[in-house]
Amino acid sequence: MNYIQSVKNIINEKFPNQPLANVVTFGCAQNENDSEKVRGLLAQIGYTMTDSLEESDIVIYNTCAIRENAELKIFGNIGKLKALKAAKPDMIVAVCGCMVMQQHIVDKIKKSYPFVDIVFGVNNLEILPLLMYKRYTEGKKQILPPQEKTDIVENTPILRNGKSKASISIMFGCDNFCAYCIVPYVRGRERSRKPQDIYNEFKSLVEAGYKDITLLGQNVNSYGKNLEEKYDFADLLQLLCTVPGEYVIHFMSSHPKDISKKLIDTIRDNPQISRQIHLPVQAGNDRVLKEMNRHYTIGQYMDIINYARQQIEDVSFSSDIIVGFPGETFEEYLDTEKLVKDVRFTQLFTYIYSRRNGTKAAAMEDNISHKEKSVWLNRLIKIQQEIVFEHLNSFIGKEVKALVEEKHDDGSYTARMSNTFVVKFIADTDCMDQFVNLKITGKKGTSLTAELI
Ligand code: SAH
Ligand code: SF4
Ligand code: F3S
């Protein structure tokens, strides 16, 4: 807080007109939640947020390391800042997030992008005002090496993006070491926030009018493992559902190896919890799953799906899938197609395997060409498209509840059902950021059309 004040004084002198900041997120919802905290710090210093790079007095790229193409895209974006920085020497260029939790990336930034002023990782966002202060007063770049940290900082200021939708990071890091994945290396060991801290944040969001709240963790099903008391994710959901109000709770991601019947029963018993469960399966073949270090079989995965379908009316599932894991054969990939057809996910995020330095799979033999893997991916996308169309058709004629997200110039609105399907409708009263009841009348492209009830 002291440094926020000190930087504020410097900024007021340097930028007597309104200083502007642009924080860009690459990566997942947890990264976006971190960006909201970075914006919270900048807002306290006195910056106003802008989407314009040219007008910004500070640009911060919050980066992702999950796949190679993410990193390449980010380097491309950082490169483009060179000319801007040359024209505005007082502007600060900062890079934070998962990508700079790798020493070879920090070295590359130092060498190839010398105009970057500040680098800081995922575990110490709150250090930003100090780094800015040092950058301005000492004139030296502030490039932090990746730092492992295990404690949790509460009460970092936060500037939220939306008025009705919000996210809460309930835990940080990951201990699962799936063979393909960089996250445990860049986000460090798993640690959970205290239930009371999460409850307070959740309650204040509901009281402020937020209606769609997502609880975030790399594996929410192992929430609580490092807490002193015996407390799990189902207990946390049960606690949050005691907060009065009209809202829907989502959570992600759920690891199939740790999902419990208790959790499914908790969803069943609390209508505030979304009926769509994100349950990344990654592959449809048991040998591939074992090589991926996922610790479940397709039989066990289907047992969870079937139990949830017995218990929860209207339950649906979304998932993540990787095609072309090292050693995966076409026959094994076909098991993924079979699984997708069996489960009929309402939403599927599909990726081609990307080799990540330092992970176990990076050393595995990989004989299938990228071109071949693209063919598999496109087959899967096509199958999933058909499934989504069928899901959309099944809603025609039904009454649904949805949260209004966008208002268009022609008086129409876009709303989202809790299973993430998009519904468009026309209304003459302002219903922005409200729950509405809709009667689905048809389908247009990948969204539904409806009448307001
Ligand atoms: N913790 C979450 C996932 C975080 S990463 C979970 O376990 O579900 C989001 C998704 O990216 C993963 O589910 C996986 O499908 C994909 N992914 C992770 N590493 C990858 C890699 N090396 N190549 C391709 N996709 C990857
Ligand atoms: Fe990566 Fe697996 Fe952890 Fe998810 S659970 S972040 S896929 S290591
Ligand atoms: Fe990317 Fe980090 Fe999220 S690597 S997917 S931003 S945890």
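Keep in mind it's a predicted model, so treat the numbers as computed, not measured. (Residues numbered from 1 in each chain as written. Chains lettered and ligands numbered in written order. Predicted model: local features only at pLDDT ≥ 70, side-chain atom pairs only at ≥ 80, totals over all residues. Heavy atoms only, no water.)

### Concerning the sheet that holds strand 12 (residues 276-278)
Judged by pairing direction, the sheet is parallel, and its three strands sit side by side in the order 12-13-14 without closing on themselves. Each edge of the sheet is formed by a strand with only one pairing partner; in this case those strands are strand 12 and strand 14 (347-352). With direction set aside, neighbouring strand axes in the sheet form an average angle of 15°. Here strand 13 (residues 316-323) pairs with strand 14 via six bridges, running parallel. Directly across from Ile321, in strand 14, lies its bridge partner Thr350. (Pairing = 2+ DSSP bridges. Helix = DSSP H or I, 4+ residues; strand = E, 2+ residues; numbered from the N terminus. Axes fitted to C-alpha atoms, helices over the stretch in contact; angles between N-to-C directions.)

### Let's talk about the site of ligand 1
In the vicinity of ligand 1, 15 residues are found, and the nearest of them are Tyr180, Gln218, Gln282, Asp320 and Ser354. Gln218 places a polar side-chain atom, nitrogen or oxygen, 2.8 Å from a nitrogen atom of ligand 1. In this structure, Gln282 approaches ligand 1 through a side-chain N or O atom, which is 2.7 Å from an oxygen atom. Across the complex, the protein chains shield 90% of the 540 Å² of accessible surface that ligand 1 would expose by itself. If you list the elements that add at least two residues to the shell around ligand 1, you get strand 13 and strand 14. Here the residues of the shell around ligand 1 sort into seven nonpolar, four polar and four charged. (Near = heavy atom within 4 Å. Polar contact = N/O pair within 3.5 Å; in protein donor to acceptor, adjacent residues only side chain to side chain. Areas by Shrake-Rupley, 256 points an atom, 1.4 Å probe, with all protein chains shown as cover. Nonpolar A, V, L, I, M, F, W, Y, C, P; charged D, E, K, R; others polar.)

### Some details on the domain arrangement of the protein
Segmenting the protein into domains produces domain 1 (2-143), domain 2 (165-394) and domain 3 (399-452). On a C-alpha basis, the centroid separation for the pair domain 1 and domain 2 is 30 Å. With 19 residues of domain 1 at the interface, the matching set in domain 2 holds 20 residues. Taken together, the two surfaces of domain 1 and domain 2 that pack against each other cover about 1,600 Å², and 47% of this comes from carbon and sulfur. In this structure, the connection of domain 1 to domain 2 is made through two salt bridges. Here Glu71 and Arg356 are joined by a salt bridge, their closest N and O atoms 3.4 Å apart. There are eleven residue pairs in polar contact (both at pLDDT 80 or more) connecting domain 1 and domain 2. Mapped by element, the contributors of at least two residues to the side of domain 1 that touches domain 2 are helix 2 (29-45) and helix 3 (68-79). A per-element tally of the side of domain 1 that touches domain 2 places helix 2 first, with seven residues. By residue class, the composition of the side of domain 1 that touches domain 2 is seven nonpolar, six polar and six charged. (Domains from an automatic or database assignment. Contact = heavy atoms within 4.5 Å. Buried area = accessible area lost by both parts, 1.4 Å probe. Salt bridge = Lys/Arg side-chain N within 4 Å of Asp/Glu carboxyl O.)

### Brief notes about the site of ligand 2
The environment of ligand 2 is made up of Cys174, Asn176, Phe177, Cys178, Tyr180, Cys181, Val183, Pro184, Gln218, His255 and Arg294. Looking at the shell around ligand 2 residue by residue, the classes come out as seven nonpolar, three polar and one charged.

### Some details on helix 10 (residues 261-269)
Think of an α-helix as turning once every 3.6 residues; residues three or four places apart then point the same way. Within helix 10, the full set of buried residues consists of Leu263, Ile264, Asp265, Thr266 and Ile267. Here the buried face of helix 10 lies against helix 9 (233-240), strand 11 (248-252), strand 12 and helix 12 (298-311). (Buried < 20%, exposed > 50% of the residue type's maximum accessible area, 1.4 Å probe, protein only.)

### Section: helix 8 (residues 195-207)
Between its first and last C-alpha atoms helix 8 spans 18 Å; for 13 residues at 1.5 Å apiece the expected length is 18 Å, and the two agree. Along helix 8, the residues that are buried comprise Pro195, Ile198, Tyr199, Glu201, Phe202, Leu205 and Val206. Each buried residue of helix 8 lies within a common arc of 165° when the element is viewed along its axis, so the set occupies one face. Of the surrounding secondary structure, the elements contacted by the buried residues of helix 8 are strand 7 (165-169), strand 10 (212-216), helix 9 and strand 11. Among the residues trailing helix 8, Gly209 stands out with phi positive, at a value near 100°. (Expected span 1.5 Å × (residues − 1). Arc of directions from axis to C-beta.)

### Thoughts on the nonpolar core
One recurring pattern in soluble globular proteins: nonpolar side chains tend to sit buried together. Within the largest apolar cluster, 73 residues are counted, with the highest numbers of intra-cluster contacts made by Ile170, Phe233 and Tyr301. The contact partners of Phe233, leaving out residues within four places of it in the chain, are Ile170, Leu215, Val220, Asn221, Tyr223, Phe251 and Leu263. Grouped together as the second largest cluster of nonpolar side chains are 25 residues, Ile4, Val23, Leu41 and Met132 included. (Core = buried A, V, L, I, M, F, W, Y, C linked by side-chain atoms within 4.5 Å.)

### Let's talk about the sheet that holds strand 19 (residues 447-452)
Read around the closed barrel, five strands run 15-16-17-19-18, paired in mixed fashion. Within the sheet, the average angular offset between the axes of one strand and its neighbour, ignoring direction, is 55°. Strand direction decides the pairing type here: strand 15 (residues 399-407) and strand 18 (residues 435-444), joined by five bridges, are antiparallel. Each bridged residue has a counterpart across the sheet, and for Lys401 the counterpart in strand 18 is Asn437.

### Digging into empty space enclosed by the protein
All told, the structure shown has one cavity of 30 Å³ or more when counted by the stated rule. In this model, the largest cavity occupies a volume close to 210 Å³. Considering the residues around the largest cavity, the lining is formed by 15 residues, among which Val122, Asn123, Glu126, Val153 and Phe172 are closest to the centre. For the lining of the largest cavity, the residue count by class is five nonpolar, three polar and seven charged. (1 Å grid on protein atoms, 1.4 Å probe; cavity = no way out; pocket = protein on both sides within 12 Å on 5 of 7 lines; lining within 4 Å. Points joined across faces, edges and corners; volume = space filled by probe spheres on them.)

### Describing the pattern of salt bridges
In the structure shown here, the tally under the stated rule is 28 salt bridges. Measuring nitrogen to oxygen at the nearest pair gives 3.8 Å for the salt bridge that ties Lys88 to Asp57. One end of the pair, Lys88, is in the loop between helix 4 (81-87) and strand 4 (92-97); the other, Asp57, is in the loop between strand 2 (48-49) and strand 3 (58-63), with 31 residues separating them in the sequence. A relative accessible area of 9% means that Asp57 is categorised as buried.

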